[in-house]
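Architecture and fold: a report
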Amino acid sequence: MRNPLPDENSATRYVEWLDRARRQDRHAFAQLYDATYRRVFGYLLARVGEQAAAEDLLQEVYLAALQAIERFRGRTEGEFIGWLLKIAHGKVMDRFRSHYRHPELKTSDVPSTGVADPLDAIDQRVRLDEISDALSQLTEDQRNVVLNRLVLGLDLEETSKVMGKNVGSIKALQHRALARLAKILTPGVDEHA
Amino acid sequence: MRKAEDVLESSLAQIVSGAPVQLTDSDLQPMLQVATQLRQVGRIAPSPARVERIRVALSRVPRREVGARSATPRLSLWRRPVAGLAFATLLMALGTTSALAAPSALPDSPLYPVRNLREAVQVQLAGTAAQRATLYANFAAQRAAQLRGLVGRKDVTPGMVVTLLRDITSRVDQANQEAKDDGPAARSAVSQLEGQIGDQLTQIQQEGEFSGNDGAQLTDALRAVRSGQSGQPGPSNQSGDNSKSDTNQP
């Protein structure tokens, strides 16, 4: 599994890539793209619930990032990802505002992840459209906590740092968020159980 | 007894890490099921064809759309006259003779920092990347010609060689950086000057008797110039602002 915590070499690489990308070194920007697009895509997919729409937005996010990289002042992987996700959030909001969605996505459209999941026994097929609809019904904090923890794969401390809340608040938030999601996605489940 | 939030967190940590989850609390099962589905979403990748198409699209965005500039901070339009005035004042303060002598000052001269400063101001006042590229290449070519003359007369010290070669390399790098993505005209102008610099350095290599650090630096400089000519990136200067550091040279 990807380790979201950058090691020393990775941190150095990011500083160098970012410096070069700010000077419009396209190769360096391509390196940043390769290192981050999966996570940005995961975020977009969870928000819009459709593979093709998420791929369109992925392109929009990186084109916007390329145009603004000169003004980006961060130097770490975390800062860069956070910046990309802010751009991604803006793109998702634009899309929602323009009512451009395809809620009729079928579960059969969901591509295979190619990753064996240990929870397959209790898992059902991913219902992307339902998940993205359910996420839209959460508060912003609740949505961000589950996206950070489960879609981006950050641990509790990293999520706490990214969201600027203490670990106890993150635990409470994720509990409320998942209880609400379970209630929305699983008929008969009591949110307050 | 552990709080439900702690039990949930323990299971979520397992889901995130991909470890098997031990279910002890059936009330949590629907939440863990949702969590697992969300984790799966995070593992879905865009199609490889789309990933590649985006990469190509990113490489094709014209530089002007990006508002691209090199790392050297540029002056806004209203600041350029101010910088020009400041430089003129500086020249007057240094005295006309000194200022006129500065363009050809050598590294062992107290006017060499003035020469570097003068060049830095010229670059700042240049309007386009192509003009900046040509300026940098010209500055490097002037130094290469000077170095060849000095070597021919055997009137050179190791310190001068090191400084001149370092400044030639950094200016060639800057010229390439500015010329990159700025159209074939700028690239061609820089390449032509790099050809002249390369010839000068080759002559120096053949005529001079450099060894040790000087010899190695000469080889590096030549390599930087040749790689610039062939369109490959030379050894880049990551500090970005050579002119600034140059002004501090003795």
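Residues numbered from 1 in each chain as written. Chains lettered and ligands numbered in written order. Predicted model: local features only at pLDDT ≥ 70, side-chain atom pairs only at ≥ 80, totals over all residues.

Let us look at the overall build of chain B. When helices and strands are tallied, chain B shows 12 helices and zero strands. Ordered by position from N to C terminus, the α and β elements of chain B give α-α-α-α-α-α-α-α-α-α-α-α. Taking all 250 residues of chain B together, the buried fraction comes to 38%. Long-range pairs, those at least 24 residues apart, make up 65% of the contacts in chain B between residues at least 6 apart in sequence. (Helix = DSSP H or I, 4+ residues; strand = E, 2+ residues; numbered from the N terminus. Buried ≥ 20, exposed ≤ 12 C-beta atoms within 10 Å, placed from the backbone. Contact = placed C-beta atoms within 7 Å.)

Attention now moves to the overall build of chain A. Counting its regular elements, chain A contains eight helices and zero strands. For chain A, the sequential pattern of α-helices and β-strands runs α-α-α-α-α-α-α-α. Looking at the 193 residues of chain A, the share that counts as buried comes to 41%.

Below, the discussion takes up the packing of helix 8 (residues 167-185) of chain A against helix 1 (residues 4-17) of chain B. Running from N to C, helix 8 of chain A and helix 1 of chain B cross one another at 80 degrees; their axes reach a closest spacing of 9 Å. What the angle tells us is that helix 8 of chain A and helix 1 of chain B run roughly perpendicular. Residues Lys-171, Ala-172, Gln-174, His-175 and Leu-178 of chain A of helix 8 of chain A form the contact with helix 1 of chain B, whose own contacting residues are Ala-4, Glu-5, Asp-6, Leu-8, Glu-9 and Leu-12 of chain B. Residues that form the contact of helix 8 of chain A with helix 1 of chain B fall into these classes: five nonpolar, two polar and four charged. (Axes fitted to C-alpha atoms, helices over the stretch in contact; angles between N-to-C directions. Parallel < 35°, antiparallel > 145°, perpendicular 65-115°, else oblique. Nonpolar A, V, L, I, M, F, W, Y, C, P; charged D, E, K, R; others polar.)

A few words now on the nonpolar core. Nonpolar side chains tend to gather and get buried jointly when the protein is soluble and globular. Membership of the largest hydrophobic core comes to 63 residues, with the highest contact counts inside it found for Val-40, Leu-44, Leu-58 and Leu-178 of chain A. Among the elements that make up this core, the one with the highest residue count is helix 2 (residues 26-48) of chain A (11 residues). What Leu-58 of chain A contacts, discounting residues up to four positions off in sequence, is Tyr-37, Val-40, Phe-41 and Leu-44 of chain A together with Pro-46 and Ile-54 of chain B. If you look at the next biggest cluster of nonpolar residues, it comprises 37 residues, including Val-114, Val-123, Phe-139 and Leu-165 of chain B. (Core = buried A, V, L, I, M, F, W, Y, C linked by C-beta atoms within 7 Å.)

Residues and elements named next belong to chain A. Where helix 3 (residues 51-68) meets helix 4 (residues 77-97), the axes come as close as 9 Å, and the angle between the chain directions of the two elements is 130 degrees. With respect to helix 4, the axis of helix 3 lies oblique. Of the two possible hands of crossing, helix 3 and helix 4 adopt the one that is right-handed. Seen from helix 3, the contacting residues are Leu-57, Glu-60, Val-61, Ala-64 and Ala-65; seen from helix 4, they are Leu-84, Ile-87, Ala-88, Lys-91, Val-92 and Arg-95. Of the residues in the contact of helix 3 with helix 4, the class split is eight nonpolar, no polar and three charged. (Left-handed = near helix turned anticlockwise from the far one by under 90°.)

Looking now at helix 8 of chain A. Along its 19 residues, helix 8 of chain A runs 26 Å from first to last C-alpha, staying within 8% of the 27 Å computed at 1.5 Å per residue. Among the residues of helix 8 of chain A, those classed as buried are Ile-170, Lys-171, Leu-173, Gln-174, His-175, Ala-177, Leu-178, Ala-179, Arg-180, Leu-181, Ala-182 and Lys-183 of chain A. Along its buried surface, helix 8 of chain A packs onto helix 5 (128-136), helix 6 (140-151) and helix 7 (156-163) of chain A together with helix 1 and helix 2 (29-43) of chain B. (Expected span 1.5 Å × (residues − 1).)

It is worth spelling out the environment of Leu-201 of chain B at this point. Residue and element names in this part refer to chain B. The residue Leu-201 is located in helix 10 (residues 184-207) in this model. According to the C-beta neighbour criterion, Leu-201 is buried, with 24 such atoms within 10 Å. With sequence-adjacent residues up to four places away left out, Leu-201 is seen in contact with Ala-144, Leu-218, Ala-221, Leu-222 and Val-225.

It is worth spelling out the confidence of the model for chain A at this point. Residue and element names in this part refer to chain A. Looking at chain A, the pLDDT average stands at 80 and 79% of residues meet or exceed 70. Mean pLDDT across the elements of chain A ranges from a minimum in helix 1 (residues 8-22), with 85, to a maximum in helix 3, with 94. Under a pLDDT of 50 for its full length, residues 1-5 has, in the predicted model, six contacts with residues more than four places off or in other chains. Here residues 100-125 scores under 50 on pLDDT; set against residues more than four positions off or in separate chains, the count is 35 contacts. (pLDDT = per-residue confidence, 0-100.)

A few words now on unusual backbone geometry. If you check the backbone angles, Gln-24 of chain A has positive phi at about 65 degrees while not being a glycine. Within the element layout of this structure, Gln-24 of chain A appears in the loop between helix 1 and helix 2.

All names here are of chain A. Its place among the elements puts Val-145 in helix 6. In the structure, Val-145 is positioned 30 residues away from His-175 in sequence and 9.8 Å away in space, judged by C-alpha atoms. Other than its neighbours up to four places away in sequence, Val-145 contacts Thr-159, Met-163, Ile-170, Leu-173, Gln-174 and Ala-177.

Once that is clear, we can look at the confidence of the model for chain B. All names here are of chain B. Predicted confidence across chain B gives a mean pLDDT of 74, with 73% of residues reaching 70 or more. Mean pLDDT in chain B bottoms out at helix 12 (residues 242-246), which sits at 37, and peaks at helix 3 (residues 48-60), which reaches 92. Within the model, the stretch residues 67-72 combines pLDDT values under 50 with 14 contacts to residues more than four positions away or in other chains. Per the prediction output, this complex has pTM 0.52; the corresponding ipTM is 0.77.

Another point: the environment of Ala-189 of chain B. Residue and element names in this part refer to chain B. Relative to the elements of secondary structure, Ala-189 occurs in helix 10. For Ala-189, a count of 18 C-beta atoms within 10 Å gives the class partly exposed. A sequence separation of 58 residues divides Ala-189 from Gln-131, and the C-alpha atoms of the two residues are 9.9 Å apart.

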